[in-house]
Amino acid sequence: MSTEDIKSGLIENRLFQPSAEFTAKARIKPDDLKALQKQADEDYEGFWAEQARKYMDWHKPFTQILDDSNAPHFKWFADGEMNVSYNCIDRHLASKADKTAIIFEGEPGDVHHISYQQLHDDVCQFANALKAKGVTKGDRVVIYMPMVPEAVIAMQACARIGAIHSVVFGGFSADSLRDRINDARAVMLITADGGNRGGKIVALKEAADKALDKGCDTIENVIVLKRSGQDVHMQEGRDSWWHDAVAGQNKSCTPEWMNSEHPLFLLYTSGSTGKPKGIQHASAGYLLNAIVTNLWVFDLQDDDIFWCTADVGWITGHTYVAYGPLAAGGTIIMFEGAPVIPDAGRFWKMVEQHKVTIFYTAPTAIRALMKYGDSFPNSYDLSSLRLLGTVGEPINPEAWMWYHTVIGKEICPIVDTWWQTETGANVLTPIPGVTATKPGSCTLPLPGMAVDIVNEDGESITEPNKGGYLVITKPWPSMARTIWGDDNRYVETYFPKFGGKYYLAGDSARRDEDGYFWIMGRIDDVLNVSGHRLGTMEIESALVAHEAVVEAAVVGRPHELKGEAVVAFVICHGDRPVGEAADKMVKELRNWVGEQIGAIAKPDDIRFADGLPKTRSGKIMRRLLRTIAAGEEITSDTSTLENPAVVAQLQGKA
Ligand code: PRX
């Protein structure tokens, strides 16, 4: 796409200032932000080094800051040694052993508080259990769990012994799990019998068994948490229950002192090719940005109750549940279930009950809950809330205003945080006690983050409201280090233009007259469905793997609740299915994609034709497909189409 194509349809001028009361109590006040920015602008390496010394405990202090000798595989604090789990837990024990680290609520309503001391003991016991099963530093461990504290305990235990975890979202299918296990060559799988989600049991162990039966030869051990209580198959010699694995294990476990650059975790995410990529994060740099953003952006203070609703299967659940808030000594909420079980008041009831002060969720959830009206939030006492956040996709001003008035009662600042799996932590975001916000804008870069919008030639676009490529022009501590096992793909995906100098985020954006950033969408074939990234090629590959399908093209269509909906154009062997045959095939293909990838990737709309619209050179005309998917009138020139008749079929007119 050329930057000429990037147009903006939205101009929003409302401005909301933080209240004097909020600012008075905030960690970062206007002068603090100015000072941080000044320091970062003058010497950004020195700036990050100072934060790293201030906010983390080092076993061996670093003397190097940024190492760019193997750019763009940058290293930070490379000769230092530390341990992430030590920094999240042990360093607080002297002052906060009895403080609640995690408040857990299960979907059925069970509530459980875990103190920092208890978390320490549980993490150590589980780390010792991992060691007893032969897991050592550098081994990959896949975690496929419900949203329960044991998921965080497993992640922290891996960090403690230097094992590299890869959390696979519990909504992913057996096939997706298998591919991720095999790509990482994981030696252990940690799962549960089942989790509670949406009023049903998600049969995780059953899916795990399916994955393992299809060939995951590297897996030596499976640990299974008893959560839902249903019967599961346990394979002798390979599978053990969590409670048996930890029984008798010591409640202390000396952390492995890790080099700063040791990989902390892999997290698979979609890109523009069919194969998900294992984004690899380092230890110290990742944790540093996780800590400072929890302090600066979420203003996390000692008496706060921080609820980030993201599942640990996504990056948000890593940085703002499992690691960042704990490293900052905070109290977090973990919720196993869905926001509408038993009704659309569940989130608000939990805010009241647990006196949540900071609430961070996705626009898709806000839109979904907004649809149920104001009476649900208005039935609960939300006065504990002082700060709100959003992440994952652009928030439409209408949803922003609802969040601001009905949830935030016009007194809570909203931090609209732009970032990615690859950036590790917030990049563009308001600082809540300082930045005036505009509905729909993620505002400005954090101190130490060099963000720009550039044209095709890599030149900064200074003209207001002109779209371009969003880039980060200097390395930062929590940036991804590589794609697991594929250094070239990392370079080609993120540093393909501008002489390899800038990190290409894959989003288009514009800056307004005040320099505020507005994200306009993706420039690659990635969809954003309910705040989750899905590669169109990944869904196309799944579709063509079905025996009835010859060819498929997948595009996004704007969707009121989900942001984008998945629309698939499919060519089948033999006659084009119509009528009942088409309905049957749609059902079959939806289930098929659900099995291949997971329910989130099921196409919302599947259309059949005798062929796909292609140019004479054989390229699928995706832009035309997007117009058809959106039900808009076709204004572009279709005269170069090789097979114009299919357009009417895809529109459902023939
Ligand atoms: O397109 C941007 C969108 O989500 C993408 C990153 O997806 P993922 O790696 O799954 O991480 C999501 C959670 C950090 C980005 O490239 N995105 C994320 N946050 C925002 C956003 N778009 C607009 N505004 C945001 N606040």
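These numbers come from a predicted model, not from an experiment.

**Looking at the overall build of the protein chain**
Here is step 1 of the chain: Along its length, the protein chain carries 20 helices and 30 strands.
Here is step 2 of the chain: Rg of the C-alpha trace for the protein chain: 24 Å, near the compact-globule value of 26 Å for 654 residues, within the 12% margin.
Here is step 3 of the chain: Its C-alpha atoms put the protein chain at 75 × 65 × 60 Å along the principal axes.
Here is step 4 of the chain: Classification of the 654 residues of the protein chain by burial places 61% in the buried group.
Here is step 5 of the chain: A separation threshold of at least 6 residues defines the contact pool for the protein chain, and within that pool the share at least 24 residues apart is 72%.
Here is step 6 of the chain: If you sum the accessible surface of the protein chain, you get close to 24900 Å²; carbon and sulfur atoms cover 47% of it.
Here is step 7 of the chain: For the protein chain, the separation between the mean place of its 66 positive charges and that of its 87 negative charges on side chains is 0 Å.

**With respect to the site of the ligand**
Here is step 1 of the chain: Close to the ligand lie 17 residues; D416, T417, T421, R522 and R533 are nearest.
Here is step 2 of the chain: The separation between a nitrogen atom of the ligand and a polar main-chain atom of G392 is 3.1 Å.
Here is step 3 of the chain: Contact between the ligand and E393: a nitrogen atom at 3.4 Å from a main-chain N or O atom of the residue.
Here is step 4 of the chain: In isolation the ligand exposes 540 Å². Once the protein is present, 95% of that is buried.
Here is step 5 of the chain: Contributions of two or more residues to the shell around the ligand are made by helix 11 (315-327), strand 20 (414-417) and strand 25 (517-522).
Here is step 6 of the chain: Per-class residue counts for the shell around the ligand are six nonpolar, six polar and five charged.

**Thoughts on the environment of I358**
Here is step 1 of the chain: Inspection of the secondary structure puts I358 in strand 18 (residues 358-361).
Here is step 2 of the chain: By relative accessible area, which is 0% here, I358 ends up buried.
Here is step 3 of the chain: Sequence-wise, I358 and L287 are 71 residues apart; in three dimensions their C-alpha atoms are separated by 20 Å.
Here is step 4 of the chain: Setting aside anything within four residues of it in sequence, one finds I358 in contact with F298, L300, D304, I305, F306, W307, R386 and L387.

**Side note on helix 15 (residues 397-407)**
Here is step 1 of the chain: Most of helix 15 is tucked away: nine of the eleven residues are buried.
Here is step 2 of the chain: Among the residues of helix 15, those classed as buried are P397, A399, W400, M401, W402, Y403, H404, V406 and I407.
Here is step 3 of the chain: On its buried face, helix 15 sits against helix 12 (346-354), strand 18, helix 13 (363-370), helix 14 (375-378), strand 19 (387-391) and strand 20.
Here is step 4 of the chain: Note on helix 15: the residue one or two positions beyond its end, K409, has a positive phi of about 50 degrees.

**Describing the sheet that holds strand 4 (residues 100-105)**
Sheet strands pair via backbone hydrogen bonds, and the direction of the pair is either parallel or antiparallel.
Here is step 1 of the chain: Spatial ordering of the open sheet is given by 5-4-17-16-18-19-20, a layout of seven strands whose pairing is mixed. Of all strands in the sheet, those with a lone pairing partner are strand 5 (111-115) and strand 20, marking the two edges. With direction set aside, neighbouring strand axes in the sheet form an average angle of 20 degrees.
Here is step 2 of the chain: In this structure, strand 4 lies alongside strand 5, joined through five bridges in antiparallel fashion. By the bridge assignment for strand 5, F104 is matched with H112.
Here is step 3 of the chain: Contacts from helix 11 reach strand 4, strand 16 (305-308), strand 17 (331-335), strand 18 and strand 19, with the element oriented near 160 degrees to strand 16.

**Comments concerning the confidence of the model for the protein chain**
Here is step 1 of the chain: For the protein chain, per-residue confidence averages 94 on the pLDDT scale, and residues scoring 70 or more make up 98% of the total.
Here is step 2 of the chain: Of the regions scoring below 50 in pLDDT, residues 1-5 engages in 13 contacts with residues more than four places distant in sequence or in other chains.

**Some words on the sheet that holds strand 8 (residues 188-192)**
Here is step 1 of the chain: Strands sit in the order 12-11-8-6-7-14-15-23 across an open sheet of eight strands; the sheet is mixed. Here the strands that pair on one side only, and so sit at the sheet edges, are strand 12 (239-241) and strand 23 (482-483).
Here is step 2 of the chain: Across the face of the sheet, helix 11 comes into contact with strand 7 (164-167), strand 14 (263-269) and strand 15 (277-282) while running at roughly 145 degrees to strand 14.

**As for the packing of aromatic side chains**
Here is step 1 of the chain: Scanning the model with the defined rule gives 35 aromatic pairs in all.
Here is step 2 of the chain: Plain terms: the ring middles of Y44 and W76 are 6.3 Å apart, the flat faces sit at 80 degrees to each other, and that makes the pair edge-to-face. Residue Y44 is located in helix 3 (residues 44-55), and its partner W76 is located in strand 2 (residues 75-76); the two are separated by 32 residues in the primary sequence. Each member of the pair, Y44 as well as W76, is classed as buried.
Here is step 3 of the chain: Taking the centre distance of 4.9 Å and the plane angle of 85 degrees together, the rings of F265 and Y286 count as edge-to-face. Of this pair, F265 sits in strand 14 while Y286 sits in helix 10 (residues 284-296), and the two are 21 residues apart along the sequence.
Here is step 4 of the chain: Feature note: the residues Y44, W58, F62, W76 and F77 constitute an aromatic cluster, connected by ring pairs.
Here is step 5 of the chain: One residue, K371, lies across the ring of Y372, its end atom 5.6 Å from the ring centre.

**What about the pairing of strand 28 (residues 549-559)?**
A regular strand places its side chains on the two faces of the sheet in alternate fashion.
Here is step 1 of the chain: Inspection of the sheet shows strand 28 paired to strand 29 (residues 563-572) by ten bridges, in the antiparallel sense. Of the residues in strand 29, the one forming a bridge with G556 is V566.

The rules behind each value
- Residues numbered from 1 in each chain as written.
- Predicted model: local features only at pLDDT ≥ 70, side-chain atom pairs only at ≥ 80, totals over all residues.
- Heavy atoms only, no water.
- Helix = DSSP H or I, 4+ residues; strand = E, 2+ residues; numbered from the N terminus.
- Rg over C-alpha atoms; globule rule 2.2 N^0.38 Å.
- Buried < 20%, exposed > 50% of the residue type's maximum accessible area, 1.4 Å probe, protein only.
- Contact = heavy atoms within 4.5 Å.
- Areas by Shrake-Rupley, 256 points an atom, 1.4 Å probe, with all protein chains shown as cover.
- Lys, Arg positive; Asp, Glu negative; His and termini not counted.
- Charge placed at Lys NZ, Arg CZ, Asp CG, Glu CD.
- Near = heavy atom within 4 Å.
- Polar contact = N/O pair within 3.5 Å; in protein donor to acceptor, adjacent residues only side chain to side chain.
- Nonpolar A, V, L, I, M, F, W, Y, C, P; charged D, E, K, R; others polar.
- Pairing = 2+ DSSP bridges.
- Axes fitted to C-alpha atoms, helices over the stretch in contact; angles between N-to-C directions.
- pLDDT = per-residue confidence, 0-100.
- Phe/Tyr/Trp six-rings, centres within 6.5 Å; stacked < 30°, edge-to-face > 60°.
- Lys NZ or Arg CZ within 6 Å of the ring centre and 35° of its normal.

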